[in-house]
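Chain by chain, the residues:
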Amino acid sequence: MFLPSSRATRCFAVVLSFALLPSRLFAQAEHLPSGPWADWVEKDFPFFSSVLDARKAGPQFPTDNLTPRGLVLNLGNDCWACFDTDLLRISAIWDGKGVTAEALAPLSYHDAGLKTLDGQTRLPKPDGRVWLANGIYPGWQMGGEASRVDPREPAPTPKEVGRGALPPEMGRFEAVRLTRGGLCLEYAIGTVKIREWISATAEKDGRTVERRFRVEPSKQPLQLVLAQRRNPVALRITGGDGVTVNEEPSLWTVTVPPHPYATEFRVTLSSVEPLAKTNPPGILPDADQPAAPRWPQMLTTRAALSTSKDAYVLDDIPLPTTNPWQRNVRVCDVQFFRDGSAAAVTFDGDVWMVRGLGGESAEVQWRRFASGLHEPMSLAIRDGEIFVFDRNGIWRLRDTNGDGEADVHEMFSNAFAQTAETREFASSMKLAPDGSFVISKGGQQSSTMGKHNGTVLRIAPDGRSISVLGWGFRGPFIGVHPRTGMVTASDQEGNYVPTTPLYIVSGGEYHGFLSQLLPKEQYPAPPADPLTWIPHPVNPSAVTQVWLSGAKMGPLTDSLIHLGYTRPEIFRVLMNTRFKKPQAAVVSLTHAVEFPLLNGAVNPADGQLYVAGFRGWGTTAPRLAGIARLRYTGAPSLFPREVTAMDQGILLRFDAALDAKRATELASYSIERWNYKRTFKYGSPHLKLDGSTGQEWVQPSSVYLSQDGKGVFLGVPGMQPVMQMRVGWSLASREGATFDNNAYFTPYELAKFDPAAEGFGKIAVDLTAKAATAPVAGPVSVEEGKRVYLLYGCMACHSTDGSLIGKVGPSWKGLFGSTRLFSDGTQAVADEAYLRKSIVDPSAKVVRGFEKSESGMPIYGGVLSDSQLDSLILFMKTLGEPAAAAR
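Positions within a chain are numbered from 1, following the residues in the order the chain's sequence is written. Confidence filtering applies because this is a predicted model: local features only for residues at pLDDT of at least 70, side-chain atom pairs given and counted only at 80 or more, and all residues used for totals across whole chains, interfaces and linings. For the side-chain quantities, the full set of heavy atoms in the structure was used; hydrogens and water were omitted.

Novice: Quick question: what am I supposed to make of the overall build of the chain here?
Specialist: The number of helices and strands found in the chain is six helices and 52 strands. For the chain, the proportion of its 887 residues judged to be buried stands at 60%. By definition in these notes, contact holds between two residues if any of their heavy atoms fall within 4.5 Å. Sequence separation of at least 24 residues holds for 64% of the intrachain contacts in the chain that already meet a minimum separation of 6. Only the protein chains shown count as cover for residues, and all accessible areas are computed by the Shrake-Rupley method using a 1.4 Å probe. About 32700 Å² of surface is accessible on the chain, with carbon and sulfur atoms providing 52% of the total. Counting from the N terminus, the helices are DSSP H or I runs at least four residues long and the strands are E runs at least two residues long. Type-normalised accessible area, obtained with a 1.4 Å probe on protein chains alone, sets the label of each residue: buried when under 20%, exposed when over 50%, and partly exposed for intermediate values.

Structure representation (structure tokens):
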């Protein structure tokens with residue numbers, strides 16, 4: 001969208017990054033009344049980005065006219081045009097209301113959670129009468145004749161039109177420049193720079209559209225393909241020495257002859273005849289002038305600081321949802337400048353500048369900076385400049401006149417392809433230490449096979465070339481280490497993805513997902529193994545990762561953070577470097593976030609982690625969107641810093657010294673293990689090592705405390721590699737603070753345990769099987785029931801708030817006393833006897849709707865003591881009244 005700074009032309013001003021803008025731009029705060037959101041399309045902004053499906057515009061028009069990357073231009077007077085940034089063509093001009101609200105952003109804008117259909121069958125269409133259109137061929141071409149052939153390399157499905165941009169030597173879209181006269185489109189045909197202004201006027205029975213051009217010197221003739229004709233439509237060319245019109249029976253083209261100097265001309269198209277009178281040739285006097293500020297108001301919100309005494313707490317940063325434009329603020333990402341100011345991007349295509357994050361004051365200042373982007377979900381800041389990744393490509397947003405708003409949207413890179421598949425999301429983008437960008441793209445394909453669906457790509461520092469780091473993803477979200485450049489990625493459970501994985505991405509490896517358009521389970525290469533699998537109930541819909549490099553977050557500093565979306569949660573990823581094959585364990589830091597998470601970043605001003613996200617799909621979060629700060633208070637951290645599977649058991653190391661008595665009791669720990677199976681089916685059941693459905697309890701035989709009091713070794717007979725292990729603990733610190741948690745990891749291999757080297761002294765690990773040991777009795781209380789709920793992983797499958805999203809078992813809210821309807825058609829009241837039976841033998845009676853999940857629930861008979869069972873049931877009784885309807 002922006003022009004390179006080296007371009008010498010009179011309309012280009014000095015580029016000022018936001019980080020250097022004067023403080024006067026944030027001088028006045030406004031507090032405005034709240035109200036319902038206004039329309040998604042803002043009438044006073046000259047464009048928005050969208051797919052445009054004009055394949056059914058009419059019998060005289062092309063039947064393949066689909067624009068995956070379109071700038072929909074609001075020409076005024078209820079007249080619209082779509083400019084295809086890949087093919088540099090006007091794909092359609094029409095009268096009417098704009099575009100049908102079938103894309104995800106406008107569809108869900110007023111009703112969060114509404115989804116688009118898979119594939120390309122239901123896409124945004126011209127909402128009105130199309131009177132000019134073009135097929136799938138370049139809108140500008142070099143040479144003496146125009147061609148109707150698409151010159152781009154075909155996609156895997158030959159009919160797919162989303163093949164990406166033209167080869168650079170043929171043409172390249174460069175920028176959208178906002179001006180006082182509307183906007184200017186800037187692009188190049190070969191080396192010839194072209195600038196275009198387009199506007200419309202209303203006539204009695206139709207519209208007249210004027211396309212005004214300034215074409216730099218060219219040694220070759222150029223062909224402008226105007227449109228396929230539809231009568232009645234009138235055409236006039238004015239200006240430009242030797243510029244002529246070529247009227248084939250169904251196609252209008254304009255020939256611009258070679259010219260040693262820049263030439264200007266105007267094409268007037270009208271949906272009625274005769275043509276109305278037009279202005280004389282030339283460019284409007286204000287066409288080169290940057291647009292006046294549209295959003296001069298600075299808005300203020302106040303951060304709500306947590307009063308918790310925990311080591312890590314969440315501070316809430318309210319969004320500027322009360323604003324003069326009644327604009328929804330569905331923030332997806334927040335990234336920081338060096339001075340601690342920030343930029344935030346919304347799914348609806350807006351960018352906001354933010355000041356006050358990380359400062360001593362709770363007052364946060366917001367100013368709107370840009371709009372018109374195509375469902376972006378991430379941004380990055382490089383050398384003080386803002387880059388946004390959307391379905392069009394990667395834009396660089398520039399404020400060339402220092403008024404606090406982007407007036408140039410430069411197309412930094414569209415070197416990768418983009419189809420109109422509704423699930424080919426512009427998922428995430430991260431800046432790499434060499435100045436390149438790493439992006440991830442959604443991979444679900446239902447209509448055609450595209451070039452880059454489901455890939456993780458590296459974009460060169462100049463934006464002109466790409467390389468594939470990994471492919472075969474269903475829905476990847478990434479992280480990049482800011483110092484080493486290591487790329488990580490999660491994926492979404494679904495067909496071919498048995499549960500949530502977390503990968504290191506490198507070497508162009510294949511990651512196991514296949515489109516439904518391909519033969520089942522015919523993998524093109526062996527799927528890469530993840531760092532770890534994570535149970536879907538624990539981390540449904542995994543999203544991005546953030547490295548806390550150089551942060552000021554105590555024991556978490558320099559560690560890897562992983563974010564969860566459906567059930568908003570922040571995880572610590574414990575990277576394990578003991579093995580040749582990388583491994584990791586995942587531990588929850590907090591699930592107290594009230595909005596869905598998508599992205600995060602460290603603020604250099606305070607060294608803390610900021611997270612952002614919004615509700616687009618199903619989620620348990622009560623709030624639509626938000627920004628929060630995970631802040632380190634300096635209190636002792638009670639989280640683990642290492643989880644390692646070893647030949648004789650499991651090694652746990654913590655940030656704090658442990659209470660010796662609790663740490664050396666076998667009853668303080670629980671262990672499970674199971675496998676998954678990758679198939680074309682959605683997800684995977686939990687499978688025991690013998691292949692039967694379910695999870696295996698693993699009884700530790702002994703436990704030892706390290707000499708420094710911060711490490712525990714659990715002796716475990718029969719350790720072996722497995723796809724998934726869970727170890728849970730219920731411990732106390734030496735100072736008496738109690739804590740419960742679980743770690744999930746994938747032991748591909750086992751380290752050799754050397755007690756002395758690991759800080760445990762000269763001990764011999766007791767590996768005598770303890771399977772027959774009776775569970776230890778304890779107090780019967782609600783608190784003990786909640787502890788058991790956490791210790792034994794019940795929270796992974798059963799919610800306590802009524803939600804089912806991301807869960808594979810019924811919620812416990814309102815469970816006690818409710819009527820349960822079973823898969824065999826019988827029913828029963830969930831009294832104490834029923835609950836006890838369901839815990840010790842869950843497959844005896846399976847609740848209708850959970851046939852595939854409850855049969856995989858582990859049997860707790862012989863695992864929990866009678867007092868633990870009583871406490872768990874007592875805890876269930878506190879979770880609300882019986883449900884109104886039988887489940």
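Novice: Hey, could you run me through the sheet that holds strand E34 (residues 509-510) in this one?
Specialist: Two orientations exist for strands paired in a sheet by backbone hydrogen bonds: parallel and antiparallel. Strand pairing is defined by DSSP finding a minimum of two bridges between the two strands. Ordered by their spatial adjacency, five strands build an open sheet running E27-E28-E29-E30-E34, and the pairing between neighbours is mixed. Two strands lie at the open edges of the sheet, namely strand E27 (426-431) and E34, each paired on one side alone. As defined by bridge partners, strand E28 (residues 437-441) adjoins strand E29 (residues 456-459) across four bridges and the pair is classed as antiparallel. Note that in E29 the partner of Ser-440 across the bridge is Val-456.

Novice: Looking at this structure, I do not really get the nonpolar core. What am I missing?
Specialist: Grouped burial of nonpolar side chains is what soluble globular proteins tend to show. As used in this record, nonpolar core signifies buried Ala, Val, Leu, Ile, Met, Phe, Trp, Tyr and Cys residues forming a set joined through side-chain atoms within 4.5 Å. Grouped together as the largest cluster of nonpolar side chains are 133 residues, with contacts concentrated most on Trp-140, Phe-173, Tyr-187, Phe-265 and Ile-570. Apart from the residues within four sequence positions on either side, Phe-173 is in contact with Leu-71, Phe-83, Thr-85, Leu-88, Leu-185, Glu-186, Tyr-187, Trp-395 and Met-411. In this structure, Ile-650, Val-703, Val-716 and Leu-731 belong to the second largest nonpolar core, which totals 26 residues.

Novice: Quick question: what am I supposed to make of the pairing of E27 here?
Specialist: Two faces make up the sheet, and in a regular strand the side chains alternate between them. Among the six residues in E27, five count as buried, and that is most of the element. Sheet topology note: the E27/E28 ladder contains five bridges and is antiparallel. For Lys-430, the partnering residue across the bridge sits in E28 and is Val-438. In textbook terms, the turn of a hairpin is the stretch between consecutive antiparallel strands, and for E27 and E28 this stretch comprises five residues, one of which, Gly-435, has a positive phi near 90 degrees.

Novice: Which parts of the structure should I look at to understand unusual backbone geometry?
Specialist: Most of the time, phi is negative for any residue but glycine, and the peptide bond is trans. Phi angles above zero are rare outside glycine, and Glu-521 is one such case at about 60 degrees. In this structure, Glu-521 sits in the loop between E34 and strand E35 (532-534). Given a relative accessible area of 35%, Glu-521 falls into the partly exposed group. Of note, Ser-541 is a non-glycine position whose phi angle comes to about 60 degrees, a positive value. Position of Ser-541 relative to the elements: it lies in the loop between E35 and strand E36 (542-547).

Novice: I'm lost on the side chain of Arg-327 in this one. Help?
Specialist: Inspection of the secondary structure assignment puts Arg-327 in the loop between strand E18 (312-317) and strand E19 (331-336). Reaching out from Arg-327, the side chain makes a polar contact with the backbone oxygen of Trp-40 at a distance of 2.7 Å. Ignoring anything within four residues of it in the chain, the contact list for Arg-327 reads Trp-37, Asp-39, Trp-40, Glu-42, Tyr-109, Thr-321, Asp-348, Asp-350, Arg-368 and Ser-371. We call two N or O atoms a polar contact when they sit within 3.5 Å, provided that within protein one can donate a hydrogen and the other can accept it, with sequence-adjacent residues counted only if both atoms are side-chain atoms.

Novice: Whenever I open this one, the confidence of the model for the chain confuses me. Can you help?
Specialist: Detailed conclusions should not be drawn from predicted coordinates in areas where pLDDT is low. As a per-residue measure, pLDDT tells how confident the predictor is, with possible values from 0 to 100. Overall, the prediction assigns the chain a mean pLDDT of 89, with 89% of residues at 70 or greater. Long-range and interchain partners of residues 1-34, a stretch whose pLDDT sits below 50, account for 93 contacts in this model, where long-range means more than four residues apart. Across residues 883-887 the pLDDT falls below 50, and counting only partners more than four positions away or on other chains, this stretch makes ten contacts in the model.

Novice: Hey, could you run me through the pattern of salt bridges in this one?
Specialist: Pairing between side chains of opposite charge can happen when the charged atoms of each approach one another. By definition here, a salt bridge exists when the distance from a side-chain nitrogen of Lys or Arg to a carboxyl oxygen of Asp or Glu is within 4 Å. A full pass over the atoms with the stated rule returns 46 salt bridges. Between Arg-266 and Glu-210 there is a salt bridge, and its shortest N-O distance comes to 2.9 Å. A residue pair is termed long-range when its members are at least 10 positions apart, and Arg-266 in strand E16 (residues 263-270) and Glu-210 in strand E11 (residues 207-215) qualify at 56 residues. With its nearest N and O atoms 2.8 Å apart, the salt bridge here joins Arg-578 to Glu-642. With Arg-578 in the loop between strand E38 (569-576) and strand E39 (583-590) and Glu-642 in strand E43 (residues 640-646), this pair connects stretches of sequence that are 64 residues apart. Given a relative accessible area of 15%, Glu-642 falls into the buried group. What you see here is one network of salt bridges that share partners, running through Glu-42, Arg-327, Asp-350 and Arg-368.

Novice: Please clarify how the packing of aromatic side chains should be interpreted in this entry.
Specialist: Each pair of aromatic rings is reported with the distance of its centres and the angle of its planes. When the centres of two rings from Phe, Tyr and Trp lie within 6.5 Å, Trp using its six-membered ring, the rings pair. Their planes under 30 degrees apart give stacked, over 60 give edge-to-face, and anything left gives tilted. As enumerated under the stated definition, the model contains 34 aromatic pairs in all. With a centroid separation of 4.7 Å and 45 degrees between ring planes, the pair formed by Trp-471 and Tyr-510 is classed as tilted. Of this pair, Trp-471 sits in strand E30 (residues 466-471) while Tyr-510 sits in strand E34; the two residues are 39 residues apart in sequence, bridging distant segments of the chain. Members of the aromatic cluster, connected to one another through ring pairs, are Phe-83, Phe-173, Tyr-187 and Trp-395. Our definition puts a charge over a ring when NZ of Lys or CZ of Arg is within 6 Å of the ring centre and also within 35 degrees of the ring normal. The positively charged end of Arg-368 is found above the aromatic ring belonging to Trp-325, 5.4 Å away from the centroid. Here the basic side chain of Lys-520 rests over the ring of Phe-680, its NZ or CZ set 4.1 Å away from the ring centre.

Novice: It is not clear to me how the environment of Ser-799 should be interpreted in this structure. Could you clarify?
Specialist: If you trace the backbone, Ser-799 turns up in the loop between helix H3 (782-791) and strand E51 (819-821). A sequence separation of 13 residues divides Ser-799 from Trp-812, and the C-alpha atoms of the two residues are 6.1 Å apart.

Novice: Would you mind going over the packing of helix H4 (residues 832-840) against helix H6 (residues 866-877) with me for this structure?
Specialist: Relative placement of two packed helices is described by the angle separating their axes and the distance separating the axes. In this description, a line fitted to the C-alpha atoms serves as the axis of each element, helices being fitted only across the stretch in contact, and the angle between N-to-C directions of two axes falls anywhere from 0 to 180 degrees. The contact between H4 and H6 brings their axes to 10 Å, and the two run at 120 degrees. As judged from the angle between their axes, H4 and H6 are oblique. Considering how the two elements wind past one another, H4 and H6 form a crossing that is right-handed. Contacts between H4 and H6 pair Glu-832, Leu-835, Arg-836, Ile-839 and Val-840 from the former with Asp-866, Leu-869, Asp-870, Leu-872, Ile-873, Met-876 and Lys-877 from the latter. By the convention adopted, Pro, Cys, Tyr, Trp, Phe, Met, Ile, Leu, Val and Ala count as nonpolar, Lys, Arg, Asp and Glu as charged, and the other residues, Gly among them, as polar. Partitioning the contact of H4 with H6 into residue classes produces seven nonpolar, no polar and five charged. Reported orientations rely on four angle classes, namely roughly parallel under 35 degrees, roughly antiparallel over 145, roughly perpendicular from 65 to 115, and oblique for the rest. Whether a crossing is left-handed or right-handed is set by the direction in which the near helix is turned from the far one by less than a right angle, anticlockwise for left-handed and clockwise for right-handed.

Novice: Before we go on, may I ask you to explain H4 in this structure?
Specialist: Note on helix geometry: an α-helix contains 3.6 residues per turn, so any two residues three or four positions apart are oriented the same way. Among the residues of H4, Tyr-834, Leu-835, Ser-838 and Ile-839 are the ones counted as buried. With its buried residues spanning 130 degrees around the axis, H4 presents them on a single face. In the core, the buried residues of H4 are packed alongside E51, strand E52 (827-829) and H6. Throughout, the arc means that of the directions going from the helix axis to the C-beta atoms.

Novice: I keep staring at the pairing of E16 and nothing clicks. Help me out?
Specialist: In terms of burial, E16 is a largely internal element, seven of the eight residues being buried. Examined bridge by bridge, E11 and E16 share eight bridges and lie antiparallel to one another. Note that in E16 the partner of Arg-211 across the bridge is Val-267. Sheet analysis places strand E13 (residues 234-239) next to E16, joined by six bridges and oriented antiparallel. Residue pairing across strands places Leu-235 opposite Leu-269, the latter belonging to E16.

Novice: Explain the environment of Ala-105 here, please?
Specialist: Along the chain, Ala-105 turns up in helix H1 (residues 104-109). Using a relative accessible area of 1% as the deciding quantity, one classes Ala-105 as buried. Linking Ala-105 and Ser-50, residues 55 residues apart in sequence, is a C-alpha distance of 9.7 Å.

Novice: Where do I start with the sheet that holds strand E26 (residues 408-413) in this structure?
Specialist: If you trace the ten strands from one edge of the open sheet to the other, you get E13-E16-E11-E10-E9-E8-E26-E25-E24-E23, paired in antiparallel fashion. On the outer flanks of this sheet lie E13 and strand E23 (378-382), each paired with one strand and no other. Across the sheet, the axes of successive neighbouring strands diverge by a mean angle of 25 degrees, strand direction being ignored. Of the strand pairs in this sheet, strand E9 (residues 182-189) and strand E10 (residues 192-202) are connected by five bridges, and their pairing is antiparallel. Bridging across to E10, Ala-188 finds its partner in Lys-193.

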